[in-house]
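Each chain is listed here by its residues.
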Amino acid sequence: MNVHLINPSSVSFGTAVITPRWQYVLAAATPKSFGDPILVDETLFQMDPKQIQPGDAVGIGIHTANALRGYEIGKLARERGAYVIFGGIHATLYPQEAIDLGGAHAVVKGDGDIAWAKALEDCRAGTPKPVYVGGQIEASDFVAARWDLVPRDRYMWASVQTVRGCPKHCSFCSVWRTDGQRPRQRTSDVVLEEIVQLRRLGFRFVALADDNFYPVTQTDIKLATAQKNTARLSELNAIRDERFELMSRLAQLPDDMVFFTQITMEAAEDTEFLDAMKAAHIKGALVGVESVTPAGLKDVYKDFNLAGEALIERLRTFRRHGVHVLGSFIFGLPSDRPETFDATVAAAQSAEVTFAQFVTLSPYPGTVDFIRWEKGLGANPPTIALYWDHPVMSAEEIRSRTQAVWDNFYSFSSIWKRSNFIKSKRGRLAFVLISKIYRQMYADTGIATDSARVSRSRKWVRWLAIPCRHLFAGRPMPGLQVPGMPVPVPALAAGAGD
Ligand code: SF4
């Protein structure tokens, strides 16, 4: 009985930006008696149905955007006589959908680190249950990924998680509902062990795939202090101390390492934290700006963000402290108007964000927005199709204006201007290349409806991705040791280090 782990995608580039972490975690969570799982990431290559034999177990991880392709694979695998197990955010929220549309024998809801093995054992016994409740396990039970299975040359970035869960409750986001609002932090030992394993293999770039790298804000601490809530205060301080401990150990890794993470804008009020990030080689962070207007922030329950000049100043603070920002903006909020698009791109430029992404609001399942949208549809809402009625703009107008913003922000002259923080010509050219590939991957293939443009764009990505991959690769460092851990005696004898 072979175990397959398939990451569905309708588009394959032969190269991908980030490793799909869940595959390597579930590979580690697969009991040894099943042998090594067969991993298929369709963002690289499409799956080959012939590989699936009767009696095999096929695990498919889905979020809303790749659910339809996941369901095609599920039905296909079931027709070939395999056991089909779904997991991931979308299956957690809609287990019955995976059973009805994706041919699932079983669905793992929530964290798969422990529940996956149970589902596999039951498949081997021929008695899979329809649902396994993985729930929200403690950080000490998170499984470390099996990076020995990664095709090193296919990915630009590896991915390691340090904390799961986010205390916020943004209306468009399902993270706080699926991963919970309590930050579950892994110890620095296990995080460092994974990162060192990746650097030994030659990965210099690692995404810290956290829901929110800054789970305790200054406001939280002030509030607990004002309320004289000593228990809460010591809990918050403990989480914060662990963050600093992790960053101080990341700082001891080789200087060529680069980390990237996701963080809320509030981190800019905490310059001690930003300085620790810089020292820890965390060179960039995705910051959810969402909207540049107070009304837009209210629309998404993100009142803790700032707007106008204060927003620009806050984003510049990241840059001043050595952390580049990938600003994430949402268009199509109820309060957006045609002039919002130009105002947003102007704010992004003036705030000196290094990269930006512009997405259109979709009421994703599991979010507060979705519940609002679904209520408005009456008794029989459609199962999958997603759309969002805007008070003054058509969907087409929002889409084409969003595309124009991407074109403007990523025009050659804008990118070249943004690259002026890099001294060498070669470095600036690399920045242009990376900006262009980012834009091609996430704009044209994501929001364009013109199929000729999409197919041209995919060709470009395939072509650009090859030199780009080399820019990210590092020389393997097989002797690298985990900072702050005793060096094993055989390594000392062999002369550890690179
Ligand atoms: S968008 Fe970010 S800050 Fe808001 S709930 Fe989701 S993970 Fe947390």
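Definitions and cut-offs
- Residues numbered from 1 in each chain as written.
- Predicted model: local features only at pLDDT ≥ 70, side-chain atom pairs only at ≥ 80, totals over all residues.
- Heavy atoms only, no water.
- Helix = DSSP H or I, 4+ residues; strand = E, 2+ residues; numbered from the N terminus.
- Rg over C-alpha atoms; globule rule 2.2 N^0.38 Å.
- Buried < 20%, exposed > 50% of the residue type's maximum accessible area, 1.4 Å probe, protein only.
- Contact = heavy atoms within 4.5 Å.
- Polar contact = N/O pair within 3.5 Å; in protein donor to acceptor, adjacent residues only side chain to side chain.
- pLDDT = per-residue confidence, 0-100.
- Pairing = 2+ DSSP bridges.
- Axes fitted to C-alpha atoms, helices over the stretch in contact; angles between N-to-C directions.
- Near = heavy atom within 4 Å.
- Nonpolar A, V, L, I, M, F, W, Y, C, P; charged D, E, K, R; others polar.
- Salt bridge = Lys/Arg side-chain N within 4 Å of Asp/Glu carboxyl O.
- Expected span 1.5 Å × (residues − 1).
- Right-handed = clockwise from strand over helix to strand, strands pointing away.
- Phe/Tyr/Trp six-rings, centres within 6.5 Å; stacked < 30°, edge-to-face > 60°.

J.: Please set out the overall build of the protein residue by residue, giving values where relevant.
T.: For the protein, the helix and strand inventory stands at 19 helices and 15 strands. The globule rule puts the C-alpha radius of gyration for 498 residues at 23 Å, and the 23 Å found for the protein is close to it. Buried positions account for 54% of the 498 residues belonging to the protein. A fraction of 76% describes how many contacts in the protein between residues 6 or more apart in sequence connect residues 24 or more apart.

J.: Help me get a handle on the side chain of Ser-9, residues and values and all.
T.: Along the chain, the position of Ser-9 falls in the loop between β1 (3–7) and β2 (16–18). Among the polar contacts listed, one links the side chain of Ser-9 to the backbone oxygen of Val-11, at a separation of 2.7 Å. Those residues within four positions of Ser-9 in sequence are excluded, and the remaining contacts are Glu-42, Thr-43, Gln-46 and Arg-69.

J.: Explain the confidence of the model for the protein residue by residue, including any values.
T.: Residues shown with low pLDDT carry predicted positions that ought not to be read at fine detail. Summing up the model confidence of the protein, the mean pLDDT is 90 and the portion of residues at 70 or higher is 92%. Here residues 494–498 is a poorly scored stretch, pLDDT under 50, and it has 8 contacts once near neighbours within four places are set aside; other chains count.

J.: Requested: an account of the sheet that holds strand β6 (residues 106–110), with residues and values cited.
T.: The strand order β3-β1-β4-β5-β6-β7 describes an open sheet built from 6 strands, whose pairing is parallel. Edge positions in the open sheet fall to β3 (38–41) and β7 (131–135), since each of these has one partner strand only. On average, adjacent strands in this sheet sit at an angle of 20° to one another, irrespective of strand direction. Here 4 bridges tie β6 to β7, and the two strands are oriented parallel to one another. The partner of Val-107 across the bridge, within β7, is Val-131. Those strands touched by helix α4 (residues 95–102) are β5 (83–87), β6 and β7, and its axis lies near 155° from that of β6.

J.: Give a detailed account of the sheet that holds strand β12 (residues 258–263), specifying residues and quantitative values.
T.: Strand order in the open sheet formed by 7 strands is β2-β8-β11-β12-β13-β14-β15, with parallel pairing between adjacent strands. What marks the edges here is a single partner per strand, and that holds for β2 and β15 (355–360). Direction aside, neighbouring strands of the sheet carry axes that sit 25° apart on average. The pairing of strand β14 (residues 324–331) with β15 spans 6 bridges and is parallel. What sits directly across from Ser-328, in β15, is Gln-357. Running at roughly 175° to β14, helix α13 (residues 338–350) makes contact with β14 and β15 of the sheet.

J.: Requested: an account of the site of the ligand, with residues and values cited.
T.: Taken together, Cys-166, Lys-168, Cys-170, Phe-172, Cys-173, Val-175, Trp-176, Asp-211, Thr-264 and Lys-302 are the residues near the ligand. Classifying every residue of the shell around the ligand by side-chain character gives 6 nonpolar, 1 polar and 3 charged.

J.: Describe the pattern of salt bridges, naming the residues involved and giving the relevant values.
T.: Going through the model one piece at a time under the given rule, you end up with 27 salt bridges. Among the ionic pairs, Arg-232 bridges to Glu-235, the shortest N-O distance being 3.7 Å. Note that Arg-232 and Glu-235 are positioned in helix α9 (residues 230–250) at a spacing of 3 residues, about one turn of the helix. For Arg-232, a relative accessible area of 35% gives the class partly exposed. Its relative accessible area of 39% is what places Glu-235 among the partly exposed residues.

J.: An account of the environment of Asp-148 is requested, with residue identities and associated values reported.
T.: In this fold, Asp-148 is placed in the loop between β7 and β8 (155–160). Within the local environment of Asp-148, its side chain forms a polar contact with the side chain of Arg-146, the two groups lying 2.7 Å apart.

J.: Any chance you could break down helix α2 (residues 67–79) for me, citing the residues and the numbers?
T.: Across its 13 residues, α2 extends 18 Å between first and last C-alpha, which sits within 8% of the 18 Å expected from 1.5 Å per residue. Among the residues of α2, Ala-67, Arg-69, Gly-70, Tyr-71, Ile-73, Gly-74 and Ala-77 are the ones counted as buried. Check the buried side of α2 and you find it contacts β1, β4 (57–61), β5, α3 (89–93) and α4. Downstream of α2 by a residue or two, Gly-81 has a phi angle that is positive, lying close to 90°.

J.: Summarise the pairing of β5; cite the residues concerned and give the values.
T.: Counting buried residues along β5, 4 of its 5 residues qualify, which places the element largely inside the surrounding structure. Pairing between β4 and β5: 5 bridges, direction parallel. Paired with Ala-57 across the two strands is Tyr-83, which belongs to β5. Each parallel crossover has a hand, and for β4 linked through α2 to β5 it is right-handed.

J.: Can you lay out the packing of aromatic side chains for me, pointing to particular residues and giving the numbers?
T.: Evaluated as defined, the whole model comprises 23 aromatic pairs. Taken together, a centroid distance of 6.1 Å and an interplanar angle of 75° make the contact between Trp-157 and Phe-260 edge-to-face. Linking Trp-157 in strand β8 with Phe-260 in strand β12, this pair joins segments that are 103 residues apart in sequence. When the centroid spacing of 5.5 Å and the interplanar angle of 20° are considered together, the rings of Phe-329 and Phe-358 count as stacked.

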